[in-house]
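# Structure assessment
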Amino acid sequence: MEIMIPVWEQTAAPQIARNDLKLLKDAEVALVDDNLDVAFTDQVELKLREAYGAIVKRLIKPLGSAPSPKSLLEEAATCRVAVVGIGL
Amino acid sequence: MRRMELAESLHVDGYEEAVEMFYDRGWTDGLPVVLPTRKLVEAMVAASGRDAGESLGAIPPKNGEATIGKLAVNAVMGGCKPEHFPIVLAAFEAMMAPEHNLNGVTQTTHMCVSLTIVGGPIARKLNFNSRDGVFGNGYRSNGAVGRALRLALWNLGGAVPWATDMATMSHPGEYAFCIAEEQDDNPWEPLHVERGCAPGSDAVTVFACEGPHSVLCQGTPEEMLHVLTDSMSSLGNNNVHAGGQTLVVLNPLNAEEFARRGWSKKDVRDYLWENSRRTLADVKGCGIIHEGFRKAQVDVGRMHFRHNIDSPKATVPVTNRPEDIHIVVAGGRTYFAAVLPGWGSFGGYAVTRPIRTS
């Protein structure tokens, strides 16, 4: 019997994360702050600046649980690197 | 109607093999499905009067396109008949509205699930249950529409536990969560008419909420309100800490008693808002995470009622506005009502969309 498929076939190859943190030196890094844990995000920002020499541009999402608005994404895209998710 | 491409199907030899294939490929939520044959799926698409390739948008979090064709496959799997499909589509259109924040509803650690409330004559016509046992089993329309929506979220949105759905407890509504509002035995305007739809029209409202909490609710209006306000402001629910919206389901006898004593639905809602409150001392007694919740929401302007409140005796309402308390009439004519707290001001807000039948 012919069965219709309920999902979309996976088309995009998964992205491989780069792990060379030396790339962050003097690079402009967009840190997308989900506004859910300010203290933790402060620590991440500090680490990016002091341990890796990044120039951090902190962009605050209006609501942590919803996708970032287009304007925020466009601003993040002007940076060399963007941190779009952090977790404990 | 555009014929679905062959690439969207596969051939399987036997019934048992096909049923097991859905489990093996992760295409079902744990229960067996109706096999989506081409004939059934094409009948579903035809009932919508829309093109199989038309998309209602990308379903978060994995952003699979919600095309009419793929939604039809999932509707067949859930047990829908073609006449149910316009309701499934209207519910999806509602869930995709930004204020519902489906992305967050799907992935939060909270247990909220999008409840679909069917309003209008179509509910009776298609034999949706709006009376005794309204949140329970026994009715194909409630079960099939509810399950179709959940399967589409599963297969197209990737709403899978431990993958993207991080609900700590969740609730059985993850399988199917659909009720109808009682139209005939109801002294008030139904929810969808209150929310802007024409009287006598058909519509769905979606609202992300916990499962129903039982409320022993009988007697005079004042007695019923006394117990409802207590149930709505339980310290364990998100509304007390993070505002948002909440849902109260009164049974037809409750509503009749209110109306007989001269209470409009607005009167009931206003009273509930004024009296479903907790003191700041109560909230603070819950610990630091609740304080963080509060602060984060105040800072982004989503809980203005929490601004500048310092006195431990000050009280805060469970929602920012009376309009954020939704009231639906459904269930049996007895002495129980239900409260279904929302997610808080993070989203899951109620959205209403008309049902378009061709």
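Cut-offs applied
Residues numbered from 1 in each chain as written. Chains lettered and ligands numbered in written order. Predicted model: local features only at pLDDT ≥ 70, side-chain atom pairs only at ≥ 80, totals over all residues. Helix = DSSP H or I, 4+ residues; strand = E, 2+ residues; numbered from the N terminus. Buried ≥ 20, exposed ≤ 12 C-beta atoms within 10 Å, placed from the backbone. Core = buried A, V, L, I, M, F, W, Y, C linked by C-beta atoms within 7 Å. Domains from an automatic or database assignment. Contact = placed C-beta atoms within 7 Å. Pairing = 2+ DSSP bridges. Axes fitted to C-alpha atoms, helices over the stretch in contact; angles between N-to-C directions. Nonpolar A, V, L, I, M, F, W, Y, C, P; charged D, E, K, R; others polar.

### As for unusual backbone geometry
All names here are of chain B. Of note, the bond from Pro60 into Pro61 is cis; its omega dihedral lies within 30 degrees of zero at 5°. Structurally, the position occupied by Pro61 is in the loop between strand 2 (55-59) and strand 3 (64-67). Even without being a glycine, Trp162 presents a positive backbone phi close to 70°. Tracing the backbone shows Trp162 in the loop between helix 7 (140-155) and strand 5 (178-180). Of the residues examined, Trp162 has 7 C-beta atoms within 10 Å and is grouped as exposed. The phi torsion at Ser170 lies on the positive side, around 55°, for a residue other than glycine. Mapping Ser170 onto the fold places it in the loop between helix 7 and strand 5. The exposure class of Ser170 is partly exposed, given the 17 C-beta atoms found within 10 Å.

### Regarding the nonpolar core
Inside soluble globular proteins, nonpolar side chains tend to come together where they are buried. If you look at the biggest cluster of nonpolar residues, it comprises 104 residues, and the most contacted ones within it are B:Ala72, B:Val88, B:Ala91, B:Val204, B:Leu228 and B:Val248. A per-element tally of this core places helix 4 (residues 85-95) of chain B first, with 9 residues. Both domains that furnish three or more residues to this core are identified here as domain 1 (1-210 + 345-358) and domain 2 (212-341) of chain B. Contacts of B:Ala91, omitting those with residues within four sequence positions, involve B:Thr116, B:Leu149, B:Val204 and B:Val206. In terms of nonpolar packing, the next biggest core, distinct from the first, is built from 9 residues, A:Ala30, A:Leu48, A:Ala54 and A:Val56 among them.

### A look at the sheet that holds strand 11 (residues 325-329) of chain B
Residue and element names in this part refer to chain B. Taken together, 4 strands build an open sheet; the order of strands is 7-12-8-11 and the sheet is mixed. Each edge of the open sheet carries a strand with a single partner, namely strand 7 (213-216) and strand 11. Along the sheet, successive strands turn relative to each other by an average axial angle of 25°, direction set aside. Bridge count for strand 8 (residues 246-250) against strand 11 is 5 bridges, and the pairing is parallel. Counterpart to Leu250 in the pairing with strand 11 is Val329.

### What to know about the sheet that holds strand 2 (residues 28-33) of chain A
Residue and element names in this part refer to chain A. One open sheet accounts for 3 strands, arranged 3-2-4; its pairing is parallel. Bordering the open sheet on either side are strand 3 (55-60) and strand 4 (81-83), each of which pairs with just one other strand. If you compare each strand with its neighbour and ignore which way they point, the axes differ by 25° on average. Where strand 2 lies against strand 4, 3 bridges are found, and the strand directions are parallel. Across the sheet, residue Leu31 finds its bridge partner in strand 4, namely Val83.

### Digging into the interface of chain A and chain B
Taken together, the contact pairs 15 residues of chain A with 29 residues of chain B. Class assignment for the residues of the side of chain A that touches chain B results in 12 nonpolar, 2 polar and 1 charged.

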